[in-house]
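Inside the fold
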Amino acid sequence: MLDIKLPVLDKNDNWFVHEQKLKEETSELVATIQIYNHVIRQDKETFKTKEEAARDLFMETLDVIQVCIGILDKLIKSYPKMLIEVSKDHIEKLHRRGWIFKKWIKIEED
């Protein structure tokens, strides 16, 4: 079982900054996925090892998650109980669409 904690950063970004940061980090994640895909498909040596490419992919994925945490934190300030309600709706939507859940990630606030 993994036990990973991610911080909620003490920032007060406006929505434009959130949007720009999400675009930037998402673009970097897409590029990193492409590099990782290239590296794992190669039979010969590439400019990165599979482990280096996987590490980069973890890092960029966490960067996107970190931006999303900031967005959630900003919304929670105005709508403190809505996330629980919306997350239930989201799970119901996934069920209706036939998705199978292989595990859960639990989010707790310290």
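Just above, that's the structure.
Residues numbered from 1 in each chain as written. Predicted model: local features only at pLDDT ≥ 70, side-chain atom pairs only at ≥ 80, totals over all residues. Heavy atoms only, no water.

From N to C terminus, the protein chain includes 3 helices and 0 strands. For the protein chain, the C-alpha radius of gyration of 17 Å lies well beyond 13 Å, the compact-globule estimate for 110 residues. Taken over the C-alpha atoms alone, the protein chain extends approximately 50 × 35 × 25 Å along its principal axes. Counted over contacts in the protein chain with a minimum sequence separation of 6, partners at least 24 positions apart contribute 66%. If you sum the accessible surface of the protein chain, you get close to 9900 Å²; carbon and sulfur atoms cover 58% of it. Mean positive and mean negative side-chain charge positions of the protein chain (19 and 21 charges, respectively) differ by 5 Å. (Helix = DSSP H or I, 4+ residues; strand = E, 2+ residues; numbered from the N terminus. Rg over C-alpha atoms; globule rule 2.2 N^0.38 Å. Contact = heavy atoms within 4.5 Å. Areas by Shrake-Rupley, 256 points an atom, 1.4 Å probe, with all protein chains shown as cover. Lys, Arg positive; Asp, Glu negative; His and termini not counted. Charge placed at Lys NZ, Arg CZ, Asp CG, Glu CD.)

Next up on the list: the layout of surface pockets. Using a probe with the size of a water molecule, rolled over the atoms, empty space left in the structure can be pinpointed. Of the voids in this model, the largest pocket is the one considered here, and its volume is about 2200 Å³. What lines the largest pocket is a set of 34 residues, and nearest its centre among them are Ile4, Ile105, Lys106, Ile107 and Glu108. No other element matches helix H2 (residues 50–78), which puts 8 residues into the lining of the largest pocket. Split by residue class, the lining of the largest pocket holds 23 nonpolar, 2 polar and 9 charged. Lys11, Asp13, His18, Gln66 and Gly70 are the residues nearest the centre of the second largest pocket, which is lined by 17 residues in total. Of all the elements in the fold, those that place two or more residues in the lining of the second largest pocket are helix H1 (15–41) and H2. Ranked by residues supplied to the lining of the second largest pocket, first place goes to H2 with 8 residues. Classifying every residue of the lining of the second largest pocket gives 5 nonpolar, 4 polar and 8 charged. (1 Å grid on protein atoms, 1.4 Å probe; cavity = no way out; pocket = protein on both sides within 12 Å on 5 of 7 lines; lining within 4 Å. Points joined across faces, edges and corners; volume = space filled by probe spheres on them. Nonpolar A, V, L, I, M, F, W, Y, C, P; charged D, E, K, R; others polar.)

Turning next to the packing of aromatic side chains. According to the stated counting rule, one finds 1 aromatic pair in the structure shown. Relative to tryptophan 104, the ring of phenylalanine 101 lies with its centre 5.2 Å away and its plane at 85 degrees, an arrangement referred to as edge-to-face. With a relative accessible area of 59%, tryptophan 104 lands in the exposed category. Positioned above the aromatic ring of tryptophan 15 is the side chain of lysine 74, whose terminal nitrogen or guanidinium carbon lies 5.5 Å from the ring centre. (Phe/Tyr/Trp six-rings, centres within 6.5 Å; stacked < 30°, edge-to-face > 60°. Buried < 20%, exposed > 50% of the residue type's maximum accessible area, 1.4 Å probe, protein only. Lys NZ or Arg CZ within 6 Å of the ring centre and 35° of its normal.)

For the structure on display, the rule yields 7 salt bridges. Between glutamate 25 and lysine 21 there is a salt bridge whose closest N-O contact spans 3.2 Å. Of this pair, glutamate 25 and lysine 21 both sit in helix H1, 4 residues apart, which is roughly one turn of the helix. Each of the salt bridges in this network shares a partner with another, and the network as a whole consists of Lys21, Glu24 and Glu25. (Salt bridge = Lys/Arg side-chain N within 4 Å of Asp/Glu carboxyl O.)

On to H2, then. Its 29 residues place the ends of H2 43 Å apart at the C-alpha level, agreeing with the 42 Å of an ideal helix rising 1.5 Å per residue. Residues of H2 that are buried include every one of Ala53, Leu57, Glu60, Val64, Gln66, Val67, Ile69 and Ile71, and no others. Contacts made by the buried residues of H2 are with H1. (Expected span 1.5 Å × (residues − 1).)

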